[in-house]
Each structure stands twice: as C-alpha cells, then as structure tokens.
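Structural overview for review
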Amino acid sequence: FIYLCDLKIFLGKNGQPVAENFRLEQSTIADMIQAGQVRVRTLYLSVDPYMRCRMNEDTGSDYLLPWQLSEVADGGGIGVVEESKHNNLAKGDFVTSFNWPWQTVAILDGSLLQKLVPQLVDGHLSYFLGAAGITGLTALLGIKEKGNVAVGANQTMVVSGAAGSCGSLAGQIGRLEGCSRVVGIAGTDEKCSILVQEMGFDAAINYKKGHVAEQLRELCPGGVDVYFDNVGGDISDAVISQMNQNSHIILCGQISQYNKDVPYPPPLPPDIEKIQKERNITRERFLVLNYMDKQEASILQLCQWIQEGKLKVRETIVEGLANIGGKIYFFLTPFSKNKNLINTMT
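Along each chain, residues carry numbers from 1 onward, in the same order as the chain's sequence is written. pLDDT decides what is reported in this predicted model: residues at 70 or higher carry local features, side-chain atom pairs at 80 or more are listed and counted, and totals for whole chains, interfaces and linings draw on all residues regardless. Note that water and hydrogens are dropped before the side-chain values are worked out from all heavy atoms of the structure.

You'll find the chain entered in an unreviewed UniProt entry as Prostaglandin reductase 2, with Ardeotis kori given as the organism. UniProt positions are given in the numbering used here, feature names are shortened, and annotations may be inferred rather than shown by experiment. The record held by UniProt for the chain lists under Sequence similarities (unreviewed entry) the comment "Belongs to the NADP-dependent oxidoreductase L4BD family." As recorded by UniProt, the Subcellular location (unreviewed entry) comment attached to the chain reads in full: "Cytoplasm".

Take a look at the structure:
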C-alpha cells in the first residue's frame, strides 16, 4: 500500500510534494470476496500532474477529491481479474479504473471497472492509461472541442509541456486534425529533439535556453492560431502575446500553478488579459469528463491511429511499487508470493 504521511508538510496552498510524504506498507486483504466484487492484481498505475492538486486540501476542482492522510493513494490503473463474483467479469479479464488503489492486489467493486480489449492496442495494455486512455482522450477532445482546428486553414499550433504524455499526443493530433505547423515547448534539448525527430513536430523550444517569446516569433512567423496550454505561468504569457486575432487556447492544465494559492484557472496578468480580450482569444476551461458521451468513438480513433503508426507513443515504465515517485507509468509486481499479503502506498 502507498500511504500519504506527514501530509501537513505540504498539504495546503504553497508547498511541493516530496518522497518523504509517502510510505510503503504491507497488509492483508480478505480471503473471500462478496457478490459483485472482483479480486485483481495490479499491472500498471499512472502517475499524472493532476495528482499534485489532490495533495492540497482544496483541489480547486469539484471532480477531484484530495488524498487523505494515511489513506491509500489512488489514480488511473490497470489490472487482471484473479477471482470474480461479478456477472460481467471473469478470471483473466483485463480491467481499468480512474480510481485504482496504489496496491499490488485489491478487492474492487466490479461495477466500477471497465473491461479492456488488448487487441485494440496490439497488446500494449499500458496504452489504455495514456495514448488510448484518459490522456489521449484529453488531447483529442480538447483539440476537437476547443481548438477549432480545420483542414486547409493553415493554422499554427503551439503546445506547452509538449514532452509530457498529453502534450506529445496533442501535437501529433493537431497535425492529424489539420494544423499545418506544430511547435512544442519543453525543458531539455533531448526532449525537444524527440518531439521533432520522433513525434513529427516542426520545431521545439527549450524554455530553459534563450528567450521563449523571441523564439516563438522566429518559429511562428504567422502568429499562433491554437495554443494547447498544459503549464500556465510565464510560458503561457509568452505564447498568448504571439496569438492571432480570433485564436483559441485549449486550457488543458496549469502545471506551474498547481501547488500555489491561486484559483483555477488562474487569472492572467493584466497586460496579457488585455491582449486576450482585444484579440478575441477564447480561453475556456476544458474538462474531458464533460465529453464522456464521445469516449468510445474517440478511443477507437486513437487506437486506429496507433495501429496505423500515425500516433507515436513513448512511455516511461519503472518496475516496482516502491519506485513510484516521479514517473509516468509503473509496472507493479508482487512483493510476496502470499496472495493475501499485499503492498500499498499511502
């Protein structure tokens, strides 16, 4: 089990989580499962930026509950059913949930699980937590619902946090949906190289080197028409200052602001807000959960692009629940052969 400990160190408004805020414990679970339940063994967990919001007493969102002190942490996860007393799930089925507990074995309510079809992702189950899961849905639906991207419109898209799981997909999807030029912003030369050489971005800016606004003017000579905003803060201010009349901001995330005492979405500085209003730039909060009626068709589209090689996927996978800090996906293996002895992170 992974538990949260010493949470008061950062739980609040202006702190940063550290490894010491977590602890790993062993515990036991029931020998018998009840009607409607399944026993699952965890295969993959996803660790995502939004979880930093859950480490505040006020998450800034009505759909995210804060993690509780000394309670098992949770998030997106995938596992295999080992025992079932649910009518629609059988031993060997692969299942997923947005609220999967961070433990190696769990007893879960089968009605809250979604059955997965591995063939859709050529057996890469972890993709259902990323490119073919909520991350891919966020990128695709964000562009479709808030980006106003049109084939043949000669639009330039900029993506901040472009080397992240969502940003790297958003840039590729922007191209697939019709953008003629895609520029990413990331934090290292290596990430920028991957974006251009592997992900098909036209160019990438290392925001830690040089002046972002100057590089944007050089790389986006016609201005910016669509901005997929993952980070907020100074980087977003620089992008917005380069945006065209009647352009669009896809407000996906504000990573730089998540553990600060600001509302969500955070307000823009007065000079940037003036630009937004004068140029009629849309900036509306985007929540992928509001578009779940389009989930099935969108996942099928993402899977098709993956199978066709049109959507490139990179993952960071680390084995072991004890190594969960700071990565994106984690492959979990049992710490004990006793099926009732499990590890949990809190």
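**Some thoughts on the layout of surface pockets**
Points on a 1 Å grid over protein atoms alone make up a cavity when a 1.4 Å probe fits among them but cannot get out, and a pocket when they form an open set with protein on both sides within 12 Å along at least five of seven lines; lining residues each have an atom within 4 Å of a point. Grid points are joined across faces, edges and corners, and a volume is the space filled by probe spheres set on the points. Approximately 570 Å³ is the volume attributed to the second largest pocket. Along its surface, the second largest pocket is lined by 25 residues, and Thr 96, Gln 114, Phe 128, Gln 295 and Ile 299 are the ones closest to its centre. Put simply, DSSP marks the helices as runs of H or I at least four residues long and the strands as runs of E at least two long, and each gets a number from the N terminus on. Listed by contribution, the elements that provide at least two residues to the lining of the second largest pocket are strand 5 (94–101), strand 7 (114–115), helix 1 (134–146) and helix 7 (295–307). The dominant element in the lining of the second largest pocket, judged by the number of residues it contributes, is helix 7, at four residues. Counted by class, the lining of the second largest pocket contains 15 nonpolar, seven polar and three charged residues. Each residue gets one label: Ala, Val, Leu, Ile, Met, Phe, Trp, Tyr, Cys and Pro are nonpolar, Asp, Glu, Lys and Arg are charged, and the others, such as Gly, are polar.

**A closer look at the packing of helix 1 against helix 2 (residues 165–177)**
It is at 9 Å that the axes of helix 1 and helix 2 come closest, and there the two elements cross at 40 degrees. By the angle between their directions, the pair helix 1 and helix 2 is classed as oblique. You can see that helix 1 and helix 2 cross each other, and the crossing is right-handed. In this structure, helix 1 uses Thr 135, Gly 136, Thr 138, Ala 139, Leu 140, Ile 143 and Lys 144 to contact helix 2, whose residues at the interface are Ser 165, Cys 166, Leu 169, Ala 170, Ile 173, Gly 174 and Glu 177. For the contact of helix 1 with helix 2, a count of residues per class yields seven nonpolar, five polar and two charged. Convention adopted: a line fitted to C-alpha atoms gives each axis, helices being fitted over their contacting stretch, and angles between N-to-C directions are expressed from 0 to 180 degrees. Every angle not falling under 35 degrees, over 145, or within 65 to 115 is termed oblique; those three ranges are roughly parallel, roughly antiparallel and roughly perpendicular. It is the rotation of the near helix from the far one that decides the hand of a crossing: anticlockwise by less than a right angle makes it left-handed, clockwise makes it right-handed. Pairs of residues are marked as contacts when any of their non-hydrogen atoms sit within 4.5 Å.

**Considerations on the side chain of His 248**
With respect to the helices and strands, His 248 occurs in strand 12 (residues 243–251). Residue classification places His 248 among the buried positions, given a relative accessible area of 14%. Excluding anything up to four places from it in sequence, His 248 contacts Lys 146, Gly 147, Asn 148, Asp 225, Val 226, Tyr 227, Met 243, Ile 281 and Thr 282. For every residue, the accessible area (1.4 Å probe, protein chains only) is compared with the maximum for its type, and the residue is labelled buried under 20%, exposed over 50%, or partly exposed between those bounds.

**Quick word on the confidence of the model for the chain**
Confidence of the predictor at the level of single residues is given by pLDDT, which spans 0 to 100. Residues of the chain with pLDDT of at least 70 account for 77%, and the chain-wide mean is 83. Confidence drops under a pLDDT of 50 for residues 1–12, and excluding neighbours within four residues, the segment shows 71 contacts in the predicted structure. Note on residues 325–346: pLDDT is under 50 here. Beyond four places in sequence and across chains, it has 107 contacts.

**Brief notes about the packing of aromatic side chains**
We call Phe, Tyr and Trp rings a pair once their centres come within 6.5 Å, taking the six-membered ring for Trp, and we label the pair stacked below 30 degrees between planes, edge-to-face above 60, and tilted otherwise. This structure, assessed with the given rule, holds one aromatic pair. Ring plane angle 20 degrees and centroid distance 5.6 Å describe the contact between Phe 286 and Tyr 291, whose orientation is recorded as stacked. Here the two residues Phe 286 and Tyr 291 agree in accessibility, since each one is buried.

**Considering the pairing of strand 8 (residues 156–160)**
Burial of strand 8 is extensive: five of the five residues sit out of reach of the surface. The alternating pattern of strand 8 places Thr 156, Val 158 and Ser 160 on one face and Met 157 and Val 159 on the opposite face, and all of these are buried. The pairing criterion for strands is at least two bridges between them, as found by DSSP. Relative to strand 9 (residues 181–186), strand 8 runs parallel, the two sharing five bridges. What sits directly across from Val 158, in strand 9, is Val 183. Place the viewer so that the strands point away; then a crossover is right-handed whenever the path from the first strand over the helix to the second strand goes clockwise. The β-α-β motif built from strand 8, the intervening helix 2 and the parallel element strand 9 has right-handed crossover chirality. Pairing geometry for strand 8 and strand 11 (residues 224–229), over three bridges, is parallel. Within the sheet, the bridge partner assigned to Val 159 lies in strand 11 and is Phe 228.

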